Amino acid sequence: TGATGTGKELIISAIEKYSNKKVYKNSTPRWVGKSESARIEILGQERDINKPLDKSHVPGIFEKAGNGIIYLSEMGDIDLDIQTLLLDILSDRKLTRELGTFEVKLNFSKVICASSKNLRIEIKKGNFREELYRRISKTTIKLSPLNQRKQDIPLLVAYFINKLNIIKNVNIEYIMSDVLKILC
């Protein structure tokens, strides 16, 4: 957990880089507050019987992951009905696609969840299911905002300078110490 911009995505990138598993991420804009889009993203969808030429199905994030890692962001913003769906999938390790009739067994290795909200507070407000919280909170990492981790700023500056050098094909070697003092 941590406020927006604390580096949750960087941790996921590091996990993917240093593990032998691919990380499959939900697409947050379709996920938050839109139950039907979220259901399709999670479950996938069988071919639409109203479109006879469409023979394919759309796999959901759990199916795509195979034995990889699933990263679900903004857990504090999802609807209660989607939380129930996730709880069922995590408990049973199987699902039925939207418009589908048969179960798909799942083989994902891990599920990592993130939220910018305090889920314990969301439980007390009635916005988050306690059973799902117990299922996903086996290990919790709380990320402090950057203004509480000023010692990280020089490392981040070096990272972004290196990235800029690669993307823009330039050769910035350092940032002036006066500028760095202002940032810190």
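Everything discussed here concerns the structure shown above.
The structure reproduced in this document is the subject of the present report. (Residues numbered from 1 in each chain as written. Predicted model: local features only at pLDDT ≥ 70, side-chain atom pairs only at ≥ 80, totals over all residues. Heavy atoms only, no water.)

### Examining the overall build of the protein chain
Within the protein chain, the secondary structure is distributed over nine helices and seven strands. Out of the 184 residues in the protein chain, the part that is buried amounts to 31%. Of the contacts formed within the protein chain by residues at least 6 apart in sequence, a portion of 66% connects residues at least 24 apart. (Helix = DSSP H or I, 4+ residues; strand = E, 2+ residues; numbered from the N terminus. Buried < 20%, exposed > 50% of the residue type's maximum accessible area, 1.4 Å probe, protein only. Contact = heavy atoms within 4.5 Å.)

### Some details on a nonpolar patch on the surface
Nonpolar side chains collect at one region of the surface, where Tyr 174, Met 176, Val 179 and Leu 183 lie side by side and expose about 430 Å² of accessible area between them. Along the chain, Met 176 falls in the loop between α8 (153-168) and α9 (177-183). By relative accessible area, which is 52% here, Met 176 ends up exposed. (Patch = residues over 30% accessible without salt bridge, like charges linked within 9 Å, V, L, I, M, F, W, Y side chains within 5 Å. Areas by Shrake-Rupley, 256 points an atom, 1.4 Å probe, with all protein chains shown as cover. Salt bridge = Lys/Arg side-chain N within 4 Å of Asp/Glu carboxyl O.)

### Thoughts on the packing of helix α3 (residues 35-43) against helix α5 (residues 80-92)
At a minimum axis separation of 10 Å, α3 and α5 run at an interaxial angle of 15 degrees. Regarding the angle of α3 to α5, the classification is roughly parallel. Seen along the crossing, α3 lies across α5 with a hand that is right-handed. Of the residues in α5, those touching α3 at Ser 35, Ala 38, Arg 39, Ile 42 and Leu 43 are Asp 81, Ile 82, Leu 85, Leu 86 and Ile 89. (Axes fitted to C-alpha atoms, helices over the stretch in contact; angles between N-to-C directions. Parallel < 35°, antiparallel > 145°, perpendicular 65-115°, else oblique. Left-handed = near helix turned anticlockwise from the far one by under 90°.)

### Digging into the sheet that holds strand β1 (residues 23-25)
In space, the three strands of this open sheet follow the order β1-β4-β7, with parallel pairing throughout. Only two strands of the sheet have a single neighbouring strand rather than two, namely β1 and β7 (110-113). Recorded for the sheet is a direction-independent mean angle of 25 degrees between the axes of neighbouring strands. (Pairing = 2+ DSSP bridges.)

### Regarding the pattern of salt bridges
Oppositely charged side chains can form a pair if their charged atoms are brought close together. Applying the stated criterion across every chain, the model contains eight salt bridges. Note that Lys 117 and Asp 77 form a salt bridge whose closest N and O atoms lie 2.7 Å from each other. Residue Lys 117 is found in the loop between β7 and α6 (119-125), and its partner Asp 77 is found in the loop between β4 (69-72) and α5; the two are separated by 40 residues along the sequence. Judged by relative accessible area, Lys 117 falls into the partly exposed class, the value being 33%. On the basis of relative accessibility, which here comes to 24%, the residue Asp 77 falls in the partly exposed class.

### Thoughts on α8
Given a rise of 1.5 Å per residue, 16 residues ought to cover 22 Å, and the 22 Å separating the end C-alpha atoms of α8 matches this to within 8%. Three or more residues of α8 are buried, namely Ile 153, Val 157, Ile 161 and Asn 165. Along α8, the residues classed as buried sweep out an arc of 110 degrees about the axis, all on the same side. Exposed residues pointing more than 90 degrees away from the buried face of α8 are listed as Leu 155, Ile 166 and Ile 167. Packed against the buried residues of α8 are α9. (Expected span 1.5 Å × (residues − 1). Arc of directions from axis to C-beta.)

### Here's the deal with the packing of aromatic side chains
Within the structure shown, the criterion is met by two aromatic pairs. Seen from their ring centres, Phe 62 and Phe 108 are 5.3 Å apart, and the 65 degrees between their planes marks the pair as edge-to-face. Remark: Phe 108 occurs in the loop between β6 (103-105) and β7 and Phe 62 occurs in helix α4 (residues 61-65); sequence separation between them is 46 residues. As far as the burial class goes, Phe 62 and Phe 108 line up, both buried. With a centroid separation of 5.0 Å and 80 degrees between ring planes, the pair formed by Tyr 159 and Phe 160 is classed as edge-to-face. The positively charged end of Lys 22 is found above the aromatic ring belonging to Tyr 24, 5.4 Å away from the centroid. (Phe/Tyr/Trp six-rings, centres within 6.5 Å; stacked < 30°, edge-to-face > 60°. Lys NZ or Arg CZ within 6 Å of the ring centre and 35° of its normal.)

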